[in-house]
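Below, each chain spelled out in residue letters.
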Amino acid sequence: IELFVDGATRPPGLVFTEGPKWLNGKLYLSSMFFDQTWTGDPKRSATVEVEADGAYRYIQHGRMQTNGLMPLANGNLAVCDMFGHRVIEMTPAGTIVRTLASTYEGKPLDGPNDIVADAKGGIYFTDPQFTPEAKKFQPGRAVYYLPPRGRLVRVIEPNAFAMPNGLLLSPDGKTLYVNNTYDNETWWNVDSDKDEWIWAFDVNGDGSVANGRRFARLFLNPEVLDRKGRSSGADGMAIDALGNIYVATWQGLQIFNPKGEFLGMLNTPIYPVSCCFGGDDMKTLFIVGYDKIFKIRANVQGLKYGPR
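Residues numbered from 1 in each chain as written. Predicted model: local features only at pLDDT ≥ 70, side-chain atom pairs only at ≥ 80, totals over all residues. Heavy atoms only, no water.

Draft legend 1. Summary view of the sheet that holds strand S16 (residues 164-169). Within the open sheet, the four strands sit side by side as S16-S17-S18-S19. Their pairing is antiparallel. Of all strands in the sheet, those bounded by a partner on one side alone are S16 and strand S19 (209-217). Each adjacent strand pair in this sheet contributes to an overall mean axis angle of 25°, direction not counted. Sheet topology places S16 next to strand S17 (residues 175-180); four bridges connect them, and they run antiparallel. In the sheet register, Pro 164 faces S17, and the bridge partner there is Asn 180. (Pairing = 2+ DSSP bridges. Helix = DSSP H or I, 4+ residues; strand = E, 2+ residues; numbered from the N terminus. Axes fitted to C-alpha atoms, helices over the stretch in contact; angles between N-to-C directions.)

The structure is reproduced here in structure tokens:
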């Protein structure tokens, strides 16, 4: 693993990096500002474009606290504007094209977090309600699907997960994977049966999901085990062309094959928050965490999103 960008020393600066995706030879990600109490501030947050040589710039700054990003077939990005309670379409230059989703059943979304697009042009996103408002708009933490044409639907019901966070689609688009960040904690207001597992769901023709099942069990760190919690810290995930899954957790970047069997772990200098494949051959794995971006060469190609 090598340090690719040190946002603590190279301006304009990175804070809490999230949601990386590769598009047209560049890496795009979010730099979210949080203080020590995890209070965010859109005025100190940015969406970032990183060149292949590590030079980077803000494509938007001070207007949104963006999170997950996803390349679209038209060359733009679908972006989770977390504190803006919406999912937007943004050009690679940072121009907002339109709002893709902002309400469900007449009420605002809470905080869209991570996002993935299917081959039809539909998008799935998680909403773990990680937002500053004490009173939430929706009845619980959930997963949504926006069809390429049609109205937003909720595909995983409120609080079925204690905190749904990262999500992926299998290379054939037939399976949706969702991880669970926190569970069985005295300081968290939702408990579920999802515990420290990545869960898999069959994807139906209309984008709805069925047959939820345990897929891969994540390793927990000693502090969580000592307090008998079930929090993995699972966040962003990546998938390669063979269907192997890479998930950022408190314990490291854990890797599983398409059967959910553990393959190995990448230990990073700091807690990995999210990851994606990129590079000209899609064989570089980028790993983001706090104000750093790391990279490592892989033996397999990552799944490519966006323009073909």
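Following the structure, the description resumes.
Draft legend 2. The sheet that holds strand S12 (residues 115-117), seen in detail. Spatial strand order, S12-S13-S14-S15: four strands in an open sheet with antiparallel pairing. Edge strands, defined here as strands with exactly one partner in the open sheet, are S12 and strand S15 (153-156). Adjacent strand axes in the sheet meet at a mean angle of 25° when their direction is disregarded. Where S12 lies against strand S13 (residues 123-127), three bridges are found, and the strand directions are antiparallel. Looking across to S13, one finds that Ile 115 is bridged to Phe 125.

Draft legend 3. Spatial organisation of the pattern of salt bridges. Scanning the entire structure with this criterion turns up 13 salt bridges. Residues Glu 51 and Lys 26 are paired through a salt bridge, measuring 3.4 Å at the closest nitrogen-oxygen approach. Of this pair, Glu 51 sits in the loop between strand S4 (46-50) and strand S5 (56-61) while Lys 26 sits in strand S3 (residues 26-32), and the two are 25 residues apart along the sequence. Residue Glu 51 is classed as partly exposed on the basis of its relative accessible area, which comes to 31%. Given a relative accessible area of 23%, Lys 26 falls into the partly exposed group. (Salt bridge = Lys/Arg side-chain N within 4 Å of Asp/Glu carboxyl O. Buried < 20%, exposed > 50% of the residue type's maximum accessible area, 1.4 Å probe, protein only.)

Draft legend 4. The arrangement of the environment of Thr 126 in detail. Following the sequence through the fold, Thr 126 ends up in strand S13. A relative accessible area of 0% means that Thr 126 is categorised as buried. Expressed as a C-alpha distance, the spacing of Thr 126 and Lys 21, which sit 105 residues apart in the sequence, is 17 Å. Of the polar contacts made by the side chain of Thr 126, one reaches the backbone oxygen of Asn 165; its length is 2.7 Å. (Polar contact = N/O pair within 3.5 Å; in protein donor to acceptor, adjacent residues only side chain to side chain.)

Draft legend 5. View of the packing of aromatic side chains. Tallying each qualifying case throughout the model produces 20 aromatic pairs. Between the aromatic rings of Tyr 182 and Trp 187, the centroid separation amounts to 5.1 Å while the plane-to-plane angle is 80°, which identifies the pairing as edge-to-face. Its relative accessible area of 17% is what places Tyr 182 among the buried residues. A connected cluster of aromatic rings, assembled from ring pairs, spans Phe 16, Phe 34, Trp 38, Phe 130, Tyr 271 and Tyr 290. Sitting above the plane of the Phe 161 ring, Lys 194 keeps its charged end 5.2 Å from the centroid. One Lys or Arg, Lys 194, reaches over the ring of Trp 199 and ends 4.7 Å from the middle of that ring. (Phe/Tyr/Trp six-rings, centres within 6.5 Å; stacked < 30°, edge-to-face > 60°. Lys NZ or Arg CZ within 6 Å of the ring centre and 35° of its normal.)

Draft legend 6. Looking closely at unusual backbone geometry. For the peptide bond that leads from Pro 11 to Pro 12, omega is 10°, which places it in the cis range. Non-glycine residue Glu 105 carries a positive phi angle of around 55°. You can see Glu 105 is positioned in the loop between strand S10 (103-104) and strand S11 (107-108). A positive phi angle, close to 55°, is found at Met 282, a residue other than glycine. By the secondary structure assignment, Met 282 is in the loop between strand S24 (274-278) and strand S25 (284-289).

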